[in-house]
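Chain and residue survey
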Amino acid sequence: TKRVAILISGGGSNMVSLVQDMTGDHPARPVLVCANNPDAGGLAKARQLHIPTFAVDHKSYGKDRQGFEAALQAALQKARPDIICLAGFMRILSAEFVAAWEGRMLNIHPSLLPKYKGLNTHARALEAGDAVHGCTVHEVTADLDDGPILGQARLPVRPDDTAASLAARLLPLEHQLYPQVLRRFAAGDRRQVTLGA
Ligand code: GAR
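Cut-offs applied
- Residues numbered from 1 in each chain as written.
- Predicted model: local features only at pLDDT ≥ 70, side-chain atom pairs only at ≥ 80, totals over all residues.
- Heavy atoms only, no water.
- UniProt positions renumbered as here; feature names shortened; annotations may be inferred.
- Helix = DSSP H or I, 4+ residues; strand = E, 2+ residues; numbered from the N terminus.
- Buried < 20%, exposed > 50% of the residue type's maximum accessible area, 1.4 Å probe, protein only.
- Contact = heavy atoms within 4.5 Å.
- Core = buried A, V, L, I, M, F, W, Y, C linked by side-chain atoms within 4.5 Å.

Considerations on the UniProt feature "binding site: (6R)-10-formyltetrahydrofolate" (unreviewed entry) in the protein
Mapped onto the present numbering, the UniProt feature "binding site: (6R)-10-formyltetrahydrofolate" (unreviewed entry) falls at Arg65, Met90, Arg91, Ile92, Leu93 and Asn107. Structurally, the position occupied by Met90 is in the loop between strand 4 (83-86) and helix 4 (95-100). Of the residues examined, Met90 reaches a relative accessible area of 56% and is grouped as exposed. Apart from residues lying up to four places away in sequence, Met90 is in contact with Ser9 and Leu119. The contacts of Leu93, once residues within four sequence positions are left out, are Arg65, Glu69, Leu72, Leu86, Val98 and Met105.

In structure tokens form, the structure reads like this:
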């Protein structure tokens, strides 16, 4: 059975969807949920799900990114994950950190990559007049939101959509996509998953 650590910054709804899928014949189990923000709402959800948690407040490290990453790395090394899932983790990780987990770290991003790397993806899709928006699960490499794509879910944009309405309709698709990709990935299958229109 593969060991999975999940990194979050906020509400953790994607984390919950991953954890809830990791039962029965699933090839992986959750071993740790980490947050870079001790107030992340997802930490309480992880505790309710009986997953060990670890919080390291990036703000307490100020500009010392190395110190922050060393603390995170130490917690991860103790938990010995085979796979790390970034799930709404909003800190950029250094190339050194990413290299330590190369080929073993996944991320979910709220756009149809390679479009709209970075922030404000929903507003940017609307601004561009896209007829279809979506989300992507990909392998994490040193370049932001850039690694090999493992799955995408597509969402038709409606004429009256706002960034908020797009985000709200996309989230349930994220909750379908990420668990499906993790199931395959944990079983050694890197074929892409495609969902939606
Ligand atoms: C999700 O929409 C995820 O795709 C996005 O943050 C949200 C986290 O929600 N991730 C990024 O923007 C990564 N740059 P959650 O905490 O409820 O899973």
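Structural notes on the nonpolar core
Ranked by size, the top nonpolar core spans 37 residues in total, and within it Ile6, Cys85 and Leu106 carry the most contacts. Apart from residues no more than four positions distant in its own chain, Leu106 is found in contact with Ile83, Ile84, Cys85, Leu86, Val137, His138, Glu139, Val140, Leu150, Tyr178, Leu182 and Phe185. Counting 20 residues, the second largest nonpolar core, distinct from the first, contains Ala5, Cys34, Leu93 and Val98.

Brief notes about the UniProt feature "active site" (unreviewed entry) in the protein
Following the UniProt record, the feature "active site" (unreviewed entry) maps to His109 here. Tracing the backbone shows His109 in strand 5 (residues 105-109). Since its relative accessible area comes to 4%, His109 is described here as buried. If we skip the residues at most four places from it in the chain, His109 touches Tyr116, Lys117, Gly118, Thr121, Cys135, Thr136, His138 and Asp145.

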